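Geometric and topological summary
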Amino acid sequence: MTALKKVILFTDTDGRARFRDEWVALSEGTPQSQLSPLLPSGGYQLRQSPVGFRSSFHCTGATQWLFVLSGQMEIFLQDGSSRIFGPGEFFYSADTLPEGATFDATVHGHWSRQVGPDPLVTLFVRD
């Protein structure tokens, strides 16, 4: 069985955002058109961020998939690590604020920026 890598940005037990990889099975379709099972969604948004865009530390408000359509996006974590996602790449954003916590920009969340010469265009698909 073939699978696609699902990068997950999540909130760990210490309240800090981390990355982990899981696999989405492509268990449906045909050998020429392999499909995952149908996944739920609750709507989508498109976003364009200009060259030079940079966010502040924040948590994801609602779990969602993020697909990079054009340009590049770099995601930074509190531990100083980062990952760059380019056109055709995606990740699942689930680094929500722990229940009962008050947001602390020195502990929680991630920040992102546009990288390279092209504006960043992304598609957000909510659960």
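Our structure is the block above this text.
Residues numbered from 1 in each chain as written. Predicted model: local features only at pLDDT ≥ 70, side-chain atom pairs only at ≥ 80, totals over all residues. Heavy atoms only, no water.

A full pass over the atoms with the stated rule returns six salt bridges. Arg-18 is the salt-bridge partner of Asp-14, the closest N and O atoms lying 2.5 Å from each other. Residues participating in the shared-partner salt-bridge network are Lys-5, Asp-21 and Arg-83. (Salt bridge = Lys/Arg side-chain N within 4 Å of Asp/Glu carboxyl O.)

This part is about the nonpolar core. It is characteristic of soluble globular proteins that their nonpolar side chains tend to be buried jointly. Counting 13 residues, the largest nonpolar core has Leu-9, Phe-19, Met-73, Ile-75, Phe-85 and Phe-91 as its most contacted members. For this core, the elements supplying multiple residues, two or more each, are strand E1 (2-11), strand E2 (17-26), strand E6 (64-70), strand E7 (72-77) and strand E11 (120-126). The element contributing the most residues to this core is E7, with three residues. Setting aside residues no more than four positions away along its own chain, Leu-9 makes contact with Ala-17, Arg-18, Phe-19, Ile-75, Leu-77, Phe-91, Tyr-92, Ser-93, Ala-94, Asp-95 and His-110. In this structure, Ile-8, Ala-94, Leu-123 and Val-125 belong to the second largest nonpolar core, which totals nine residues. (Core = buried A, V, L, I, M, F, W, Y, C linked by side-chain atoms within 4.5 Å. Buried < 20%, exposed > 50% of the residue type's maximum accessible area, 1.4 Å probe, protein only. Helix = DSSP H or I, 4+ residues; strand = E, 2+ residues; numbered from the N terminus. Contact = heavy atoms within 4.5 Å.)

Reading across the sheet, the six strands line up as E2-E1-E9-E6-E11-E5 and stay open at both edges, with mixed pairing between neighbours. Looking at which strands have only one partner, the edges of the open sheet turn out to be E2 and strand E5 (44-49). Averaged over all adjacent pairs, the angle separating strand axes in this sheet is 30°, with direction ignored. By the bridge criterion, six bridges tie E5 to E11 in an arrangement that is antiparallel. If you follow Gln-45 over to E11, its bridge partner there is Phe-124. (Pairing = 2+ DSSP bridges. Axes fitted to C-alpha atoms, helices over the stretch in contact; angles between N-to-C directions.)

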